[in-house]
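Spelled out, the chains give:
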Amino acid sequence: VQLQASGGGLVQTGGSLRLSCAASGRTASYYAVGWFRQAPGKEREFVSEISWSGGTTYYADSVKGRFTISRDNAKNTIYLQMNSLKPEDTAVYYCAADIKSVFGGSNSTLHYDYWGQGTLVTVSS
């Protein structure tokens, strides 16, 4: 599985961005996909995850109500819509595939099998 994250950039506080994660190499629909982020000097942390069907989603408390994860299996792409961005959202964002699970439910980096290269999101105050 190859994952390509894109859509990062510089945005002001309160702004929005939509990240995309394009999957290839294996039919994207049969595994859960998560988004993680890593700020400078900090550990990589869970942001959100979506099941294979898109019917189940999970969010970290810090982004709940502001971020929305979705997927289009026909396009093999997973999205992360980020609204009301804050400076503390600044990080490199990674998408990752959990090919052992169709329903998802893990917020641990150790559980994911394949990772994209990351896309930088910078929120200015």
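Residues numbered from 1 in each chain as written. Predicted model: local features only at pLDDT ≥ 70, side-chain atom pairs only at ≥ 80, totals over all residues. Heavy atoms only, no water.

Novice: Lay out the overall build of the protein with the relevant residues and their values.
Specialist: When you go through the protein residue by residue, the secondary structure sums to zero helices and 11 strands. Going from the N terminus to the C terminus, the protein shows its helices and strands as β-β-β-β-β-β-β-β-β-β-β. Taken against the 2.2 N^0.38 rule, which gives 14 Å for 125 residues, the C-alpha radius of gyration of the protein at 13 Å falls within 12% of a compact globule. Overall, the C-alpha framework of the protein stretches about 40 × 25 × 25 Å when taken along its three principal axes. As displayed, the protein offers around 6100 Å² of accessible surface, 48% of which is attributable to carbon and sulfur atoms. Taking the 11 positively charged and 9 negatively charged side chains of the protein as two groups, their mean positions are separated by 4 Å. (Helix = DSSP H or I, 4+ residues; strand = E, 2+ residues; numbered from the N terminus. Rg over C-alpha atoms; globule rule 2.2 N^0.38 Å. Areas by Shrake-Rupley, 256 points an atom, 1.4 Å probe, with all protein chains shown as cover. Lys, Arg positive; Asp, Glu negative; His and termini not counted. Charge placed at Lys NZ, Arg CZ, Asp CG, Glu CD.)

Novice: Quick rundown of a nonpolar patch on the surface? Include the residues and the values.
Specialist: A cluster of nonpolar side chains, Tyr30, Trp52 and Phe103, forms an exposed patch at the surface whose accessible area comes to about 350 Å². Examined against the element boundaries, tyrosine 30 turns out to sit in the loop between β3 (17-24) and β4 (32-38). (Patch = residues over 30% accessible without salt bridge, like charges linked within 9 Å, V, L, I, M, F, W, Y side chains within 5 Å. Salt bridge = Lys/Arg side-chain N within 4 Å of Asp/Glu carboxyl O.)

Novice: Provide a residue-level description of the sheet that holds strand β7 (residues 67-72), including the pertinent values.
Specialist: Within the open sheet, the four strands sit side by side as β1-β3-β8-β7. Their pairing is antiparallel. Two strands in the sheet have a free side with no partner beyond their single neighbour: β1 (2-6) and β7. Averaged over all neighbouring strand pairs, the angle between strand axes comes to 15 degrees, with direction disregarded. Inspection of the sheet shows β1 paired to β3 by five bridges, in the antiparallel sense. Within β3, the residue paired with serine 6 across the bridge is serine 20. (Pairing = 2+ DSSP bridges. Axes fitted to C-alpha atoms, helices over the stretch in contact; angles between N-to-C directions.)

Novice: Tell me about the side chain of serine 106, and name the residues and values.
Specialist: Tracing the chain through its elements places serine 106 in the loop between β9 (91-98) and β10 (114-115). Residues within four places of serine 106 in sequence aside, it is in contact with Phe46, Glu49, His111 and Tyr112. (Contact = heavy atoms within 4.5 Å.)

Novice: Please set out unusual backbone geometry residue by residue, giving values where relevant.
Specialist: The phi torsion at asparagine 76 lies on the positive side, around 55 degrees, for a residue other than glycine. Mapped onto the elements, asparagine 76 comes out in the loop between β7 and β8 (77-82). A residue is classified by how much of its surface remains accessible, and asparagine 76, at 25% relative accessible area, is partly exposed. Residue serine 84 is not a glycine yet carries a positive backbone phi of 50 degrees. Mapped onto the fold, serine 84 is located in the loop between β8 and β9. Since its relative accessible area comes to 41%, serine 84 is described here as partly exposed. (Buried < 20%, exposed > 50% of the residue type's maximum accessible area, 1.4 Å probe, protein only.)

Novice: Explain the packing of aromatic side chains residue by residue, including any values.
Specialist: Per the counting criterion, the structure on display carries six aromatic pairs. Centroid distance tyrosine 94 to tryptophan 115: 6.5 Å. Interplanar angle 75 degrees. Geometry classified as edge-to-face. You can see tyrosine 94 sitting in strand β9 and its partner tryptophan 115 sitting in strand β10, a full 21 residues away along the chain. Among the aromatic residues, ring-to-ring pairing joins Phe36, Phe46, Tyr94, Tyr112 and Trp115 into one connected group. In this arrangement the basic side chain of arginine 44 is found over the ring face of tyrosine 94, its NZ or CZ atom lying 3.7 Å from the centre. (Phe/Tyr/Trp six-rings, centres within 6.5 Å; stacked < 30°, edge-to-face > 60°. Lys NZ or Arg CZ within 6 Å of the ring centre and 35° of its normal.)

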